[in-house]
Amino acid sequence: AGTKAVKSEEKSVTVDGFKVESVTVLNGKQLAVKFNKAVQEGVSVGGHNYGIGTAETSYFILGGGSITGEPKRASLSDDKTTVTLTFDRFTLNSYAQFSVSSNLKSASGKSLAAYKEAIYLADTTAPTVSKVEYSAKKAILTFSEPLVDVGTLSINGATISTSGNVY
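Calculation criteria
- Residues numbered from 1 in each chain as written.
- Predicted model: local features only at pLDDT ≥ 70, side-chain atom pairs only at ≥ 80, totals over all residues.
- Heavy atoms only, no water.
- Phe/Tyr/Trp six-rings, centres within 6.5 Å; stacked < 30°, edge-to-face > 60°.
- Buried < 20%, exposed > 50% of the residue type's maximum accessible area, 1.4 Å probe, protein only.
- Helix = DSSP H or I, 4+ residues; strand = E, 2+ residues; numbered from the N terminus.
- Core = buried A, V, L, I, M, F, W, Y, C linked by side-chain atoms within 4.5 Å.
- Contact = heavy atoms within 4.5 Å.
- Salt bridge = Lys/Arg side-chain N within 4 Å of Asp/Glu carboxyl O.
- Pairing = 2+ DSSP bridges.
- Axes fitted to C-alpha atoms, helices over the stretch in contact; angles between N-to-C directions.

Caption draft 1: Structural view of the packing of aromatic side chains. For the structure on display, the rule yields three aromatic pairs. With 5.5 Å between their ring centres and 35° between their planes, Tyr-50 and Tyr-59 make a pair best called tilted. For Tyr-59, a relative accessible area of 2% translates into the label buried. Look at Tyr-95 and Tyr-120: their rings are 4.9 Å apart centre to centre, the planes differ by 55°, and that puts the pair in the tilted class. You can see Tyr-95 sitting in strand 7 (residues 94-100) and its partner Tyr-120 sitting in strand 8 (residues 115-121), a full 25 residues away along the chain. Note on Tyr-95: relative accessible area 58%, which makes it exposed.

Next comes the structure, spelled out in structure tokens:
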């Protein structure tokens with residue numbers, strides 16, 4: 001009189017941890033690190049800006065060849081998934097080892113799986129003018145990245161003098 005029916009069901013679940021999706025070289029000083037989840041903000045332990053500029057505590061390290069160091073600045077995108085790191089100028093057209101410490105936390109407090117990758121440092125994107133301001137008889141141009149040498153500026157084919165300060 002007593003029979004029991006057992007029903008089993010198999011489900012598959014994918015759980016994504018906190019990880020680095022990509023590392024992109026923006027120019028001769030900056031890297032953009034894209035994460036799959038929002039990064040913890042701030043300068044406290046676990047935050048993206050913790051230990052910037054110190055080898056002992058920095059979460060981000062770039063090393064190899066003539067390049068060694070920690071970023072001087074770290075900024076977080078509006079959606080909090082991309083950290084832009086600014087280093088001292090590094091040697092372009094060379095490889096470097098980039099690593100992110102497992103101590104970095106997501107916004108929800110999850111630890112990062114430690115990340116290490118060899119990246120090729122190449123600046124393939126030309127700078128662009130991101131803002132123009134006028135002050136008296138001067139035009140102040142803001143570029144998309146820091147420039148060492150402005151080169152030749154022209155408007156509609158007419159060369160502009162770069163004597164004095166160029167921003």
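Caption draft 2: Up close: the nonpolar core. Core analysis: the biggest nonpolar cluster contains 26 residues, and Leu-31, Phe-35, Phe-60, Phe-98 and Leu-104 have the highest contact counts within it. Secondary structure elements with two or more residues in this core: strand 1 (20-25), strand 2 (30-35), strand 3 (60-64), strand 5 (73-76), strand 6 (82-86), strand 7 and strand 8. When near neighbours in sequence (up to four residues on either side) are disregarded, Phe-35 contacts Phe-18, Lys-19, Val-20, Glu-21, Phe-60, Thr-81, Val-83, Leu-104 and Leu-112.

Caption draft 3: Examining the pattern of salt bridges more closely. According to the stated counting rule, one finds three salt bridges in the structure shown. With its nearest N and O atoms 4.0 Å apart, the salt bridge here joins Asp-88 to Lys-72. Note that Asp-88 is positioned in the loop between strand 6 and strand 7 and Lys-72 in the loop between strand 4 (67-69) and strand 5, a separation of 16 residues in sequence. When its relative accessible area of 51% is taken as the criterion, Asp-88 is described as exposed. We note a salt bridge from Lys-131 to Glu-133, for which the minimum N-O separation is 3.7 Å.

Caption draft 4: Molecular detail of the sheet that holds strand 6. Pairing in this open sheet of four strands is antiparallel, and the strands run 1-2-6-5 from one edge to the other. The two strands at the open ends of the sheet, each matched to only one other strand, are strand 1 and strand 5. Each strand of the sheet is rotated relative to its neighbour by a mean of 20°, with strand direction disregarded. In this sheet, strand 6 lies alongside strand 2 in antiparallel orientation, the contact comprising five bridges. What sits directly across from Val-33, in strand 6, is Val-83.

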